Amino acid sequence: QQQQQQQQQQQQQLYATQQFSPAVRIVGGRESVTTIMLRNIPQRYNREMILEDMDARGFAGAYDFFYLPIDFSTTHIVGYAFINFVSEGELARFKSVYVGLKLSEDSPKVCAVVDAKVQGKLKNVDFYRNSTVMGMAEKYHPVMLENGIRLQF
């Protein structure tokens, strides 16, 4: 009976971790997909413009990690961004708005969304924390958020 109680406690702890951990979540026996690559971003956009666009479309607080890679030789964006959402539901909502969206009438580019190779906020933070981008100006750094509020990266 004591062993059964210990197993129940372990299961409850595991459930709580999976349910509320900001790390990768397990849903239905599989790793949940919350990190995507938003593709076909017009070159004139910068990090703040995309974040403002997302917030204006109702996604403030729906994501907790954002990174817009830059070609440092030209200081132009490379045309895609990595975004981690707080849940698969928020990601689905994002896809319903952004897939097929033209961010600018001045550009023929139409947004597309694909799953990112690196999944979850913590894995993305770990991935970029020691990257060369952190030696560049802050405006090129990834953004980490909690409840829509920016945190120190």
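Quick look at the structure, then. Keep in mind it's a predicted model, so treat the numbers as computed, not measured. (Residues numbered from 1 in each chain as written. Predicted model: local features only at pLDDT ≥ 70, side-chain atom pairs only at ≥ 80, totals over all residues. Heavy atoms only, no water.)

1. Notes on the pairing of strand E7 (residues 80–85)
Selection rule: A simple rule labels every residue: compare its accessible area, found with a 1.4 Å probe on the protein chains alone, to the largest value its type can have, and call it buried under 20%, exposed over 50%, or partly exposed in between. Think of it this way: any DSSP run of H or I at least four residues long counts as a helix, any run of E at least two long counts as a strand, and we number them from the N terminus. Two strands form a pair only when DSSP identifies at least two bridges running between them.
Counting buried residues along E7, five of its six residues qualify, which places the element largely inside the surrounding structure. Here strand E4 (residues 63–67) pairs with E7 via four bridges, running antiparallel. Paired with Phe65 across the bridge in E7 is Asn84.

2. Overview of the nonpolar core
For soluble globular proteins, nonpolar side chains are generally found buried alongside one another. The cut-off we apply is this: Definition of nonpolar core: a set of buried residues of the types Ala, Val, Leu, Ile, Met, Phe, Trp, Tyr and Cys, connected through side-chain atoms within 4.5 Å. Two residues qualify as a contact provided that any one of their heavy atoms is within 4.5 Å of a heavy atom in the partner residue.
Ranked by size, the top nonpolar core spans 37 residues in total, and within it Leu38, Ile41, Met54, Phe66, Ile83, Phe94 and Tyr98 carry the most contacts. Those elements that provide at least two residues to this core are strand E3 (35–39), helix H2 (47–59), E4, E7, helix H3 (88–98), helix H4 (121–129) and strand E9 (143–146). Beyond its immediate sequence surroundings of up to four residues, Phe94 is in contact with Ile36, Leu38, Met54, Phe59, Ile83, Phe85 and Val113.

3. Considerations on the packing of aromatic side chains
To keep things clear, this is the line we draw: Any two rings among Phe, Tyr and Trp, with Trp reduced to its six-membered ring, count as a pair given centres within 6.5 Å; such a pair is stacked if its planes are under 30 degrees apart, edge-to-face if over 60, and tilted if neither.
Going through the model one piece at a time under the given rule, you end up with 10 aromatic pairs. Look at Phe65 and Phe153: their rings are 6.4 Å apart centre to centre, the planes differ by 45°, and that puts the pair in the tilted class. Taken as a pair, Phe65 in strand E4 and Phe153 in the segment after strand E10 (149–151) lie far apart in primary sequence, 88 residues in all. Phe153 matches Phe65 in its accessibility class, with the two residues each being buried.

Function cannot be inferred from these measures alone, as they are strictly geometric.
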